[in-house]
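# Structural characterization, general
Single-letter residue listing:
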Amino acid sequence: MNSVVLAHLTEQAEKARNEAAKLLAEERQNKQRIAQQLQTLQQYRNDYAVQLQQQMQNGIATHLLTNYRHFLASLDHAIQRAQNALVDQEGKVDKSQQLWQTKQRKLASYETLSDRKQAAAAKVANQREQKLADELSLAMYMRQRGLR
């Protein structure tokens, strides 16, 4: 494979890996945001349930009790939606993680090919240098032998 082509493929693979990493970071941030919203809803529901318990101990009007129960039911529904959104987002994070890993492996394979190509070129260059050095040594030896 041509060095220029390999360098281009490596560059493209690196860009793709970086884009996948950016997507993964965004998906993780979205997951964190959804988890925080879920936690906030759960805390709000718990606080409201405690408030209802206190109201019931002190005596509460029927219409207020109905309002509390409806509001708690709507919070439960919102919590369920947030839990579903979190599960969906975890799936997106997993897919993004897999995509990043795939792009990383592809980049690593191109880098390995490049490293091997460079090592082979260095070996050839070293062999040429060694051959030249051997030829020079032989020529010097022959000159010295010829001068005596």
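Values in this document were obtained by computation on a predicted structure and should not be read as measured data.

Cut-offs used in this document
- Residues numbered from 1 in each chain as written.
- Predicted model: local features only at pLDDT ≥ 70, side-chain atom pairs only at ≥ 80, totals over all residues.
- Heavy atoms only, no water.
- Phe/Tyr/Trp six-rings, centres within 6.5 Å; stacked < 30°, edge-to-face > 60°.
- Helix = DSSP H or I, 4+ residues; strand = E, 2+ residues; numbered from the N terminus.
- Buried < 20%, exposed > 50% of the residue type's maximum accessible area, 1.4 Å probe, protein only.

## A few points about the packing of aromatic side chains
Using the criterion set out here, one finds four aromatic pairs in the structure. Taken together, a centroid distance of 4.9 Å and an interplanar angle of 45° make the contact between Tyr48 and Tyr68 tilted. Placement of Tyr48 in helix H1 (residues 3-58) and of Tyr68 in helix H2 (residues 62-147) is noted, with a sequence separation of 20 residues between them. Taken individually, Tyr48 and Tyr68 each receive the classification buried, so the pair is uniform in this respect. On the basis of an interplanar angle of 55° and a centroid distance of 4.5 Å, the ring pair of Tyr48 and Phe71 is categorised as tilted. Pair noted here: Tyr48 is in helix H1 and Phe71 is in helix H2, with a separation of 23 residues, a long-range link.

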